[in-house]
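# Architecture at a glance
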Amino acid sequence: MSKTMDWTHLYSNEHKFSEAIVLTAEVVHGFKRGSKELGIPTANLSMEQLGAKGEALETGIYYGWTTLKGTRYETVVSVGWNPFYKNEKKTVEAHLIYSLDDFYGETITVELLGYLRQEANFNGLDELISCIQSDINLTKDRLIALQESRL
Ligand code: ADP
Ligand code: RBF
Ligand code: MG
């Protein structure tokens, strides 16, 4: 399978927010698929702590920043039911674009600055991973552009 798949068509609804959406919650345990199956760990936020804000959040993929123990990391966030896995519970999961040790139980703050795309279904794991890589690349681009526009 080619590693250079083109996902451009999925990003037609991309937009940045006029105001950040700020989420603060504890990191809880999920299905453990992120690291093991995808090689892309995601810190799952406690839906109980997010409450109505978590319920109201539109499903899809977002970019922004996470503050963990006083340090901010570029972050890509997945919100929804993961159609590829047919989850029955909505999750809010943050992948920090940095190599880190486990931080379960920490309270993190995730600032969402823009929306990339809706959740999609894929024909296989390699397609899902390829699309997440393109989300990560776009996230880096958008965050750099935002920083430059604020200089
Ligand atoms: P789970 O299903 O329990 O969320 P994952 O396989 O998605 O498990 O792994 C997520 C966990 O990995 C996080 O809760 C965190 O403790 C750890 N982790 C390590 N590095 C990162 C990172 N860069 N981004 C997100 N989580 C990370
Ligand atoms: N799951 C899907 O079913 N469809 C998606 O389009 C999708 N996009 C994702 C994008 C990013 C940036 C991340 C971090 C995850 C995404 N996932 C998606 C969720 C993925 O299935 C989930 O993180 C793993 O199942 C581990 O919980
Ligand atoms: Mg996870």
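- The name an unreviewed UniProt entry gives the chain is riboflavin kinase, with Spumella elongata as the organism.
- Its UniProt record gives the chain the following Pathway (unreviewed entry) comment, quoted word for word: "Cofactor biosynthesis; FMN biosynthesis; FMN from riboflavin (ATP route): step 1/1."

## Structural notes on the coordination of the magnesium ion (ligand 3)
- Ligation of the magnesium ion (ligand 3) by protein atoms is provided by T42 (O), T42 (OG1) and N44 (OD1), these donors lying 2.2 Å from the ion.
- Classification of T42 as partly exposed rests on a relative accessible area of 25%.
- Of the residues examined, N44 reaches a relative accessible area of 11% and is grouped as buried.

## Quick notes on the site of ligand 1
- Around ligand 1, a shell composed of 20 residues is seen, among which G30, K32, S35, F103 and Y104 lie nearest.
- The separation between an oxygen atom of ligand 1 and a polar main-chain atom of G30 is 2.8 Å.
- A distance of 3.0 Å separates an oxygen atom of ligand 1 from a polar atom in the backbone of T42.
- In the complex, the protein chains occlude 96% of the 560 Å² of accessible area that ligand 1 would expose alone.
- Every element with two or more residues in the shell around ligand 1 is listed here: α1 (33-38), β2 (43-45) and β5 (91-96).
- If you tally residues by element for the shell around ligand 1, the top one is β5, at three residues.

## Some words on the packing of aromatic side chains
- Summed over the entire model, instances satisfying the criterion amount to five aromatic pairs.
- Aromatic side chains Y73 and Y98 sit 5.3 Å apart centroid to centroid with 45 degrees between the ring planes, which places their arrangement in the tilted category. Placement of Y73 in strand β4 (residues 71-80) and of Y98 in the loop between β5 and β6 (107-117) is noted, with a sequence separation of 25 residues between them.
- Judged by relative accessible area, Y73 falls into the buried class, the value being 13%.
- Among the aromatic side chains, those forming a connected cluster through ring pairs are F17, Y62 and Y115.

## Focus: the site of ligand 2
- In the neighbourhood of ligand 2, 19 residues make up the surrounding shell, with N82, F84, E93, R117 and A120 lying closest.
- Backbone polar atom of F84 to an oxygen atom of ligand 2: 2.8 Å apart, as the coordinates give it.
- If you list the elements that add at least two residues to the shell around ligand 2, you get α1, β4 and α3 (125-149).

## Re α3
- Taking 1.5 Å of rise per residue, the 25 residues of α3 would be expected to cover 36 Å, and the 36 Å separating its terminal C-alpha atoms lies within 8% of that figure.
- Buried positions along α3 lie against β1 (15-28), α1, β3 (60-68), β4, β5 and β6.

## Description of the pairing of β1
- Sheet topology note: the β1/β6 ladder contains eight bridges and is antiparallel. In the strand pairing of β6, I21 is matched with L112.
- Pairing geometry for β1 and β2, over two bridges, is antiparallel. In the sheet register, V27 faces β2, and the bridge partner there is L45.

## Details of the UniProt feature "domain: Riboflavin kinase" (unreviewed entry) in the chain
- Under the present numbering, the feature "domain: Riboflavin kinase" (unreviewed entry) in UniProt falls on residues 22-144.
- The distance separating the terminal C-alpha atoms of residues 22-144 is 19 Å; by composition the span is 29% helix and 37% strand.

What counts, and where the lines are drawn
- Residues numbered from 1 in each chain as written.
- Chains lettered and ligands numbered in written order.
- Predicted model: local features only at pLDDT ≥ 70, side-chain atom pairs only at ≥ 80, totals over all residues.
- Heavy atoms only, no water.
- UniProt positions renumbered as here; feature names shortened; annotations may be inferred.
- Donors = N, O, S within 2.8 Å, 3.2 Å for Na, K, Ca; no water.
- Buried < 20%, exposed > 50% of the residue type's maximum accessible area, 1.4 Å probe, protein only.
- Near = heavy atom within 4 Å.
- Polar contact = N/O pair within 3.5 Å; in protein donor to acceptor, adjacent residues only side chain to side chain.
- Areas by Shrake-Rupley, 256 points an atom, 1.4 Å probe, with all protein chains shown as cover.
- Helix = DSSP H or I, 4+ residues; strand = E, 2+ residues; numbered from the N terminus.
- Phe/Tyr/Trp six-rings, centres within 6.5 Å; stacked < 30°, edge-to-face > 60°.
- Expected span 1.5 Å × (residues − 1).
- Contact = heavy atoms within 4.5 Å.
- Pairing = 2+ DSSP bridges.

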